[in-house]
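In case you want the letters, here they are:
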Amino acid sequence: MSRVPTRRRRERRIGPASDLTITSMVDMFTMILTFLLNFVDPAMGDASPLSLPTARATAAPSEGVQVEISRDGIVVAGTLVAALSPDGRAVAAGVERSGAVLLPVAAALRGASPDLPVVLTADRDVPFVVIGEVLQSARAAGFERYRFVVDREVQ
Amino acid sequence: MPVVASVDLTAVLSVIVHLIPMLLLLVRFRQIAELDASATVIPALPAPGAVALADQADRVVSVRITAEGFLVGGTGAGEPFVPRAGEAYDYAGLRLALAQAKELHPQERRVVIVPAGDVPYEVLVDVMDAARSRPVGDGREAELFPVPLVAAPTGGGG
């Protein structure tokens, strides 16, 4: 029966083990890993549904009522309230409207505080006719201030 | 005698060390900012092509965005046209025209922006950005019109 070398015997044979504590290093790496997992783009960069315009603006993102316009539709505070036409060039024909005011968008915004600005995040290719109608709808809901989210141009 | 349990974390560390470079390759860091358009939408202003803005072109600083270029009001010379330079809009020309308007209206900080319905959102943002300031050398910027008023369409559909 072969004898399994004990730790003490191993240490005697190869000298004193270097007492390297890696616990704090693992802690640190775990935090970095968690941070990266939070911020990594699951779409891997290329297929992101929203491509923001770029500007030299330096104002930091602020609190407000989030309105997002992508090629799929208009999303108010996380809820899709109106679809766009298949080519993404206009609001879908079935969306109820009164002039340039989109009624579902105005109704969704009425629940929020008009003291806050409307923070608009839109795809760079969305035509202004859609943006304008969203602004008109926000105005009909009592909002007077707007902020446009952009990618900050790196100089 | 107390027994010290020693967990070997080397394997965990090895996995993490491999994961971090992989995630760093995938991650896309973005700097998000906001452009303030705190002024109200002006429903009374008609879409481009109508006459209301042209009538008061020298009193109101305005930029009308069309598919062909910019019409800049408030320069004291009617509404000078800044045509597109090939595929791209001429933002340097726009800044120049707005600088003329600034000389005429030094106290004015607002600019009315009237985009045509088919103008992409990106162009509106670029115009707002160009109208805020212009470079004057040595990394300095001279203020132009940092308060944009976006004129939204008044009619239906588009």
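Residues numbered from 1 in each chain as written. Chains lettered and ligands numbered in written order. Predicted model: local features only at pLDDT ≥ 70, side-chain atom pairs only at ≥ 80, totals over all residues. Heavy atoms only, no water.

> Tell me about a nonpolar patch on the surface, and name the residues and values.
Taken together, the side chains of A:Phe35, A:Phe39, B:Leu24 and B:Phe29 present a nonpolar region at the surface, about 450 Å² in accessible area. Secondary-structure assignment places A:Phe39 in helix H2 (residues 23-39). (Patch = residues over 30% accessible without salt bridge, like charges linked within 9 Å, V, L, I, M, F, W, Y side chains within 5 Å. Areas by Shrake-Rupley, 256 points an atom, 1.4 Å probe, with all protein chains shown as cover. Salt bridge = Lys/Arg side-chain N within 4 Å of Asp/Glu carboxyl O. Helix = DSSP H or I, 4+ residues; strand = E, 2+ residues; numbered from the N terminus.)

> Any details on the pairing of strand E3 (residues 73-76) of chain A? Residues and values, ideally.
Residue and element names in this part refer to chain A. Summarising the sheet, strand E2 (residues 65-69) and E3 pair through three bridges and their orientation is antiparallel. By the bridge assignment, Ile69 is partnered in E3 with Ile74. Connecting the antiparallel pair E2 and E3 is a turn made up of three residues. Where E3 meets strand E4 (residues 79-83), four bridges bridge the pair, whose relative direction is antiparallel. Of the residues in E4, the one forming a bridge with Val76 is Thr79. (Pairing = 2+ DSSP bridges.)

> Before we move on, can you summarise the sheet that holds strand E3 (residues 69-73) of chain B with the specific residues and values?
Residues and elements named next belong to chain B. Ordered by their spatial adjacency, five strands build an open sheet running E4-E3-E2-E5-E8, and the pairing between neighbours is mixed. What marks the edges here is a single partner per strand, and that holds for strand E4 (81-83) and strand E8 (147-150). Across the sheet, the mean angle separating the axes of adjacent strands is 20° when strand polarity is ignored. Where strand E2 (residues 62-65) lies against strand E5 (residues 110-115), four bridges are found, and the strand directions are parallel. Residue Ile65 lies in a different strand from E5, and its bridge partner there is Pro115. (Axes fitted to C-alpha atoms, helices over the stretch in contact; angles between N-to-C directions.)

> Got a sec to walk through the pattern of salt bridges? Specific residues and values, please.
All names here are of chain B. Counted according to the given criterion, the structure contains eight salt bridges over all chains. Taking the shortest distance from any N to any O, the salt bridge between Glu143 and Arg109 comes out at 3.0 Å. Within this pair, whereas Glu143 is found in strand E7 (residues 141-143), its partner Arg109 is found in the loop between helix H3 (91-104) and E5, the two being separated by 34 residues in sequence. A residue is classified by how much of its surface remains accessible, and Arg109, at 40% relative accessible area, is partly exposed. (Buried < 20%, exposed > 50% of the residue type's maximum accessible area, 1.4 Å probe, protein only.)

> Break down the interface of chain A and chain B for me, with residues and values.
Across the contact, 58 residues belong to chain A and 54 residues belong to chain B. When chain A packs against chain B, the two sides together hide about 4,900 Å² of surface, and 62% of this comes from carbon and sulfur. On the chain A side of the interface with chain B, the three residues burying the most area are A:Arg56, A:Phe128 and A:Phe148, jointly 17% of the side's total. Counting every contact that joins chain A to chain B gives three salt bridges. Between B:Glu141 and A:Arg56 there is a salt bridge, with its nearest N and O atoms 3.0 Å apart. Seen at the junction of chain A and chain B, the total is 10 residue pairs in polar contact (both at pLDDT 80 or more). (Contact = heavy atoms within 4.5 Å. Buried area = accessible area lost by both parts, 1.4 Å probe. Polar contact = N/O pair within 3.5 Å; in protein donor to acceptor, adjacent residues only side chain to side chain.)

> Can you explain the environment of B:Leu104? Please cite residues and give values.
All names here are of chain B. Relative to the helices and strands, Leu104 resides in helix H3. Overall, the relative accessible area of 45% leaves Leu104 in the partly exposed class. Separated by 97 residues in sequence, Leu104 and Val7 place their C-alpha atoms 76 Å apart. With sequence-adjacent residues up to four places away left out, Leu104 is seen in contact with Gly74, Thr75 and Gly76.

> Can you break down the confidence of the model for chain B residue by residue, with the values?
Residues and elements named next belong to chain B. With 80% of its residues at a pLDDT of 70 or more, chain B shows a mean pLDDT of 80. Summarising per-element confidence for chain B, the mean pLDDT is lowest in helix H2 (residues 52-55) (54) and highest in E4 (93). Counted against residues more than four places away or in other chains, residues 43-51, with its pLDDT under 50, gives 18 contacts. Under the prediction, the complex receives an ipTM of 0.71, its pTM being 0.73. (pLDDT = per-residue confidence, 0-100.)

> Which residues make up the side chain of A:Ser85, and what are the values?
All names here are of chain A. Examined against the element boundaries, Ser85 turns out to sit in the loop between E4 and strand E5 (97-98). Judged by its relative accessible area of 16%, Ser85 is buried. Beyond its immediate stretch of four places on either side in the chain, Ser85 contacts Ala90, Val91 and Ala92.

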